[in-house]
2 protein chains.
Amino acid sequence: MTNERLGRVRAAMAAQGMQVLVLMPDANLQYLSGLTFHRGKRLTLLLIPVDERTPTFVIPALEEHRAAATSRLAANYFPWHDADGPTQALQAAVAAAIGDGPQQIGVEFTALRVMELRALEAALLAVTTVDAMPLLSDVRMVKDADELAAMERAVAIIETALGEGIAQIRAGMSERQLARIIADGILAAGGAGEAFETMIASGPNGASPHHNNSDRGFVAGDLITIDCGAIYNGYLSDITRTVALGEPTEEARRIYELVRAANAAGIAAVKPFVSGETIDRAARNVIEAGGYGAYFVHRTGHGLGIEAHELPNIVMGSTQPLAIGTTFTVEPGIYVPSIGGVRIEDNVVITEDGVRVLTSFPRELLVIETT
Amino acid sequence: MTNERLGRVRAAMAAQGMQVLVLMPDANLQYLSGLTFHRGKRLTLLLIPVDERTPTFVIPALEEHRAAATSRLAANYFPWHDADGPTQALQAAVAAAIGDGPQQIGVEFTALRVMELRALEAALLAVTTVDAMPLLSDVRMVKDADELAAMERAVAIIETALGEGIAQIRAGMSERQLARIIADGILAAGGAGEAFETMIASGPNGASPHHNNSDRGFVAGDLITIDCGAIYNGYLSDITRTVALGEPTEEARRIYELVRAANAAGIAAVKPFVSGETIDRAARNVIEAGGYGAYFVHRTGHGLGIEAHELPNIVMGSTQPLAIGTTFTVEPGIYVPSIGGVRIEDNVVITEDGVRVLTSFPRELLVIETT
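Residue positions are given per chain, counting from 1 as you read along its sequence in written order. In the order they appear in the text, chains get letters beginning with A and ligands get numbers beginning with 1. A pLDDT threshold of at least 70 governs which residues receive local features in this predicted model, and a stricter bar of 80 or more applies before side-chain atom pairs are shown or counted, although totals over entire chains, interfaces and linings include all residues. Excluded from the side-chain calculations are hydrogens and water; all other atoms, namely the structure's heavy atoms, are used.

Trainee: Any details on unusual backbone geometry? Residues and values, ideally.
Mentor: Between Leu311(A) and the following residue, Pro312(A), the backbone shows a cis peptide bond with an omega angle of 5°. Numbering of helices and strands runs from the N terminus, with a helix taken as a DSSP run of H or I at least four residues long and a strand as a DSSP run of E at least two residues long. Inspection of the secondary structure assignment puts Pro312(A) in strand S14 (residues 310-314). Of note in the backbone geometry, Phe273(A) takes a positive phi value of approximately 70° without being a glycine. Its location among the elements puts Phe273(A) in the loop between helix H9 (250-268) and helix H10 (276-289). Of note, the phi angle at Asn233(B) is positive, near 50°, even though the residue is not glycine. Here Asn233(B) lies in the loop between strand S10 (230-232) and strand S11 (235-236). Here the term buried applies to any residue with accessible area under 20% of the maximum for its type, exposed to any over 50%, and partly exposed to those in between, with areas from a 1.4 Å probe on protein chains only. By relative accessible area, which is 61% here, Asn233(B) ends up exposed.

Trainee: So, the packing of aromatic side chains: which residues are in play, and what are the values?
Mentor: Residue and element names in this part refer to chain B. Side-chain rings of Phe, Tyr and Trp (the six-membered ring for Trp) are treated as a pair once their centres are within 6.5 Å; stacked means planes under 30 degrees apart, edge-to-face means over 60, and tilted covers the remaining angles. Within the structure shown, the criterion is met by four aromatic pairs over all chains. Between the aromatic rings of Phe 57 and Tyr 77, the centroid separation amounts to 5.1 Å while the plane-to-plane angle is 15°, which identifies the pairing as stacked. With Phe 57 in strand S3 (residues 56-60) and Tyr 77 in strand S4 (residues 76-80), this pair connects stretches of sequence that are 20 residues apart. Residue Tyr 77 is classed as buried on the basis of its relative accessible area of 17%. Centroid distance Tyr 292 to Tyr 295: 5.9 Å. Interplanar angle 55°. Geometry classified as tilted.

Trainee: Any details on the relation of the copies chain B and chain A? Residues and values, ideally.
Mentor: Residues reaching a pLDDT of at least 70 in both copies supply the C-alpha atoms on which the copies are superposed by least squares. If you rotate chain B by 180° and push it 0.1 Å along the axis, it lands on chain A with an RMSD of 0.1 Å. The transformation just described matches what one would write down for a two-fold rotation axis. Identified as the residue of chain B closest to the rotation axis by C-alpha distance is Arg113(B), at 2.0 Å. In this analysis, two residues are considered to be in contact whenever any of their non-hydrogen atoms come within 4.5 Å of each other. The residues that chain B uses at the interface reappear at the interface of chain A in 100% of cases, marking a shared surface.

Trainee: How would you explain the packing of helix H7 (residues 145-167) of chain B against helix H8 (residues 175-188) of chain B if you had to name every residue and give the values?
Mentor: All names here are of chain B. To obtain an axis, a line is fitted to C-alpha atoms, over the contacting stretch when the element is a helix, and the angle between two such axes runs from 0 to 180 degrees between their N-to-C directions. Look at H7 against H8: their axes get within 8 Å of each other, and the N-to-C directions meet at 140°. By the angle between their directions, the pair H7 and H8 is classed as oblique. Regarding H7 and H8, the two cross each other, and that crossing is right-handed. Note on element contacts: H8 touches H7 through Leu 178, Ile 181, Ile 182, Gly 185 and Ile 186, opposite Ile 157, Ile 158, Ala 161, Leu 162, Glu 164 and Gly 165. All residues other than Ala, Val, Leu, Ile, Met, Phe, Trp, Tyr, Cys, Pro, Asp, Glu, Lys and Arg, Gly among them, are scored as polar; the first ten of these are nonpolar and the last four charged. Per-class residue counts for the contact of H7 with H8 are eight nonpolar, two polar and one charged. Oblique is the label for any angle not covered by the other classes, which are roughly parallel (under 35 degrees), roughly antiparallel (over 145) and roughly perpendicular (65 to 115). Crossing chirality is assigned from the near helix's rotation relative to the far helix, an anticlockwise turn below a right angle marking it left-handed and a clockwise turn marking it right-handed.

Trainee: Which residues make up the interface of chain B and chain A, and what values do they have?
Mentor: Listed by partner, the interface residues are 17 residues for chain B and 17 residues for chain A. What counts as buried area is the accessible surface, traced by a 1.4 Å probe, that two parts surrender upon association, with contributions from both included. Counting the surface chain B buries against chain A, the share from its top three residues, Thr110(B), Val114(B) and Arg180(B), is 32%. When a carboxyl oxygen of Asp or Glu is within 4 Å of a side-chain nitrogen of Lys or Arg, the pair counts as a salt bridge. Where chain B touches chain A, the interface holds two salt bridges. With its nearest N and O atoms 2.6 Å apart, the salt bridge here joins Arg180(B) to Asp184(A). As used in this structure description, the phrase polar contact means that two N or O atoms lie within 3.5 Å; if the pair is within protein, one of them must be able to donate a hydrogen and the other to accept it, and residues adjacent in sequence are counted only when both atoms belong to side chains. At the surface where chain B touches chain A, the tally comes to ten residue pairs in polar contact (both at pLDDT 80 or more). For the side of chain B that touches chain A, the secondary-structure elements that each account for two or more residues are helix H5 (114-123) and H8 of chain B. Here the residues of the side of chain B that touches chain A are counted per class, giving nine nonpolar, two polar and six charged.

Trainee: Pulling in residues and values, what's your account of the sheet that holds strand S7 (residues 193-194) of chain A?
Mentor: Residue and element names in this part refer to chain A. The pairing criterion for strands is at least two bridges between them, as found by DSSP. Read from one edge to the other, the open sheet built from three strands follows the order S7-S10-S11, with strand pairing classed as antiparallel. Of all the strands in the sheet, the pair left with one neighbour each is S7 and strand S11 (235-236). Note: strand S10 (residues 230-232) against S11, two bridges, orientation antiparallel. Residue pairing for S11: Tyr 232 is matched across the bridge by Tyr 235. Helix H7 (residues 145-167) contacts S10 and S11 of the sheet and is inclined by roughly 140° relative to S10.

Trainee: How would you summarise the domain arrangement of chain A if you had to cite specific residues and measurements?
Mentor: Accessible area lost upon the coming together of the parts serves often as the stated size of an interface. Residue and element names in this part refer to chain A. Along its sequence, chain A is organised into domain 1 (2-140) and domain 2 (142-368). Domains are outlined according to an automatic or database domain assignment. Between the C-alpha centres of domain 1 and domain 2 the distance comes to 35 Å. Across the contact, eleven residues belong to domain 1 and twelve residues belong to domain 2. For the pair domain 1 and domain 2, the summed buried area comes to about 960 Å², and 37% of that belongs to carbon and sulfur atoms. For domain 1, the biggest contributors to the area lost against domain 2 are Arg 5, Gln 30 and Arg 140; these three give 49% of the whole. One can count four salt bridges joining domain 1 with domain 2. The partner of Asp 146 in a salt bridge is Arg 72, with the nearest N and O atoms 3.6 Å apart. Viewed at the interface, domain 2 and domain 1 are joined by eight residue pairs in polar contact (both at pLDDT 80 or more).

Trainee: I'd like a description of the pairing of strand S17 (residues 340-343) of chain B, backed by residues and values.
Mentor: All names here are of chain B. With burial as the criterion, each face of S17 is covered, one bearing Gly 340 and Val 342 and the other bearing Gly 341 and Arg 343. Where strand S16 (residues 333-336) lies against S17, four bridges are found, and the strand directions are antiparallel. Along S17, the bridge assignment pairs Ile 334 with Val 342. Hairpin geometry of S16 and S17 is characterised by an intervening segment of three residues between the two adjacent antiparallel strands.

Trainee: Please provide a residue-by-residue account of the nonpolar core, values included.
Mentor: If you look at the biggest cluster of nonpolar residues, it comprises 53 residues, and the most contacted ones within it are Leu45(A) and Leu45(B). In this view, Leu45(A) contacts Val22(A), Leu23(A), Met24(A), Thr56(A), Phe57(A), Val58(A), Leu90(A), Leu112(A), Glu116(A) and Leu120(A); residues no more than four positions away in its chain are not counted. Only buried Ala, Val, Leu, Ile, Met, Phe, Trp, Tyr and Cys residues count toward a nonpolar core, and they belong to the same one when joined by side-chain atoms within 4.5 Å.

Trainee: I'd like a description of the pattern of salt bridges, backed by residues and values.
Mentor: Summed over the entire model, instances satisfying the criterion amount to 46 salt bridges over all chains. The residue Asp227(B) makes a salt bridge to Arg343(B) at a minimum N-O spacing of 2.9 Å. Here the residue Asp227(B) occupies a position in strand S9 (residues 223-228), and Arg343(B) occupies one in strand S17, the gap between them amounting to 116 residues. Judged by its relative accessible area of 11%, Asp227(B) falls in the buried class. Arg343(B) gets classed as buried once you look at its relative accessible area, which sits at 3%. If you follow the salt bridges from partner to partner, you end up with Arg140(A), Lys143(A), Glu307(A) and Glu310(A) in one network.

Trainee: An account of the environment of Ile200(B) is needed here, citing residue identities and associated values.
Mentor: All names here are of chain B. Within the secondary structure layout, Ile 200 lies in strand S8 (residues 199-202). By relative accessible area, which is 0% here, Ile 200 ends up buried. With 13 residues separating them in the primary sequence, Ile 200 and Asn 213 have C-alpha atoms 5.8 Å apart. Ignoring anything within four residues of it in the chain, the contact list for Ile 200 reads Glu 175, Leu 178, Ala 179, Ile 182, His 211, Asn 213, Phe 218, Ile 224, Thr 225 and Ile 226.

Trainee: Requested: an account of the side chain of Glu108(A), with residues and values cited.
Mentor: All names here are of chain A. With respect to the helices and strands, the residue Glu 108 is situated in the loop between strand S5 (104-107) and helix H5 (114-123). Put simply, Glu 108 is tucked away with no salt bridge, and the nearest opposite charge, on Arg 140, sits 6.4 Å away. Polar contacts involving the side chain of Glu 108 include one to the main-chain amide nitrogen of Met 24, which spans 3.0 Å. Here Glu 108 is in contact with Val 22, Leu 23, Met 24, Asp 26, Asn 28, Asp 131, Met 133 and Leu 136, once residues within four sequence places are set aside. Positive charges come from Lys and Arg alone, negative charges from Asp and Glu alone, with His and the N- and C-terminal ends not counted.

So, in structure tokens, the structure goes:
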């Protein structure tokens, strides 16, 4: 699997003439190696030549054993000790993995820091840099079998925790309390933690798509929107359900069914080589036709994997055809100041046949008894 | 207060001939402005000229209102919209705050990314950079009255949460459960969250100073080390206490009293213009004299403030005289594979008279009944 990932990165490098890629500890390094590091002040870099030369780590000596023992990537290691500093190790790594050849390297413009850049400049004569983020984001959109297995497990974990959390909802419980129950449930179900801070938006607070949890206690008549996700083996799930505490108003029910239909329409539009724009249009049409277009104030979805927000964007203007294996969320919502909000979010992967929905939590409106 | 902080930064810039400092969203920007931002992909910079020209923000238009309304720093704002990109706003900000003058700028080598650097290079002809981190770390070591007030509140919050957590310890409770109780207690006591992930190391797990919480249940005879901290208004506390579940062995008691005496000796050594090395020596001498020197495997302490690990280091080789107002931890420990570990950590500030200990949680060994 790892060699397949390396192969895909190298193919993308070759296609745009990038001869060397240099990664620092971040999502892309995790993608290729499975390794995570504290984002510290000790130089840690992975040098990847486009040709068959072995990828090469420059790494604090303290980290070498753990990295070599657990990395998914066959690599050479050039460790360095605090007493010596990283200069010699980096020079040796450059000689082994790059040589005197290319002076243009691909780096992550939104990750690599001046610290790393200056070290590279000192080790490579007259280096120039090109942003490797677009290339890497494109590669990471399409998931392999291991990645999908981890995401499916992350989905199973969050659905367990979500079910347990919903079962405990009662009048008087606060948004923060419910968020904590779900966070506990993620750990209890075998997750490594929350994919992001669980969001609970109740009653009028639901009118904001990105509410900050409060101490507001639930009251009868609330719609309660729960947006949560789990991490398993470095991969994320991201699900939203909205439930009602006590009988909802007629308009709340109408909004709920509209969002549910939009979610279904968005998912139904997913197939090989569809664009994000087309999926967004399919979901948005339903809500616009129902008269609530002005209250669907965000994109229909986003890519999901190692990070909670990856490519592709499921939104107008996103015209790139999406390949088989691409994973993303479908999460239409309606937010009305006087009423609150409804969002229904699922995780999907494009398959040869069309789409596989990774999330299976019920989508019918659950009305929780208030007595 | 803010102007005082800005004045101290400018004085440090002048002392080393730095004419312009450029900060991105990170701890130093928070220090000067009170503002925190998501570390995203939209260019956000603060330009600070050493002279009397007004500090100048280049900022996404979406963020301008919040920043201007809540910043502690009087500044000019050059907002930019997604449709336009940041180039023109940055050029206008450079013209206003820097002009054609200096081509050397101070930046944070362990924060600023290639994205920001390339934008600055495009806006400033032939720019060179110098690392501003040492200068900023030095300034931030010494806390003003507002910072100390926030740290004291963060201490009060964590001491409340720690006390509530300890009161619930019983045989069979797991490390993760206790960590969660303390995390909940921090929120309940008015904290913004954990300063870092609460660490619970019980029984044999205590032999590692940096244990990862497990599902291990406490058993009679355990020493339980609890390392936790709270955030209040952007500032942190960081306290460790070790308790015993059931009567500890004679050796465990001896180790405990040695660590307690080392903690007291370290604190007693704190006074204006002492070095970190001297404080470390004072604490370490006690443990070495007791025969456990080989089991005190880490530095005696570290600076504390906006970040959990700031300067100064309280360790051999740290010879800089520490000024009045410097805040740090004193946290000697002993870690013995067959027994477990003991650490006692307090937070202190250097005063004219010597030292003020911010933490007041009891240091006597608490033995929790097992029945």
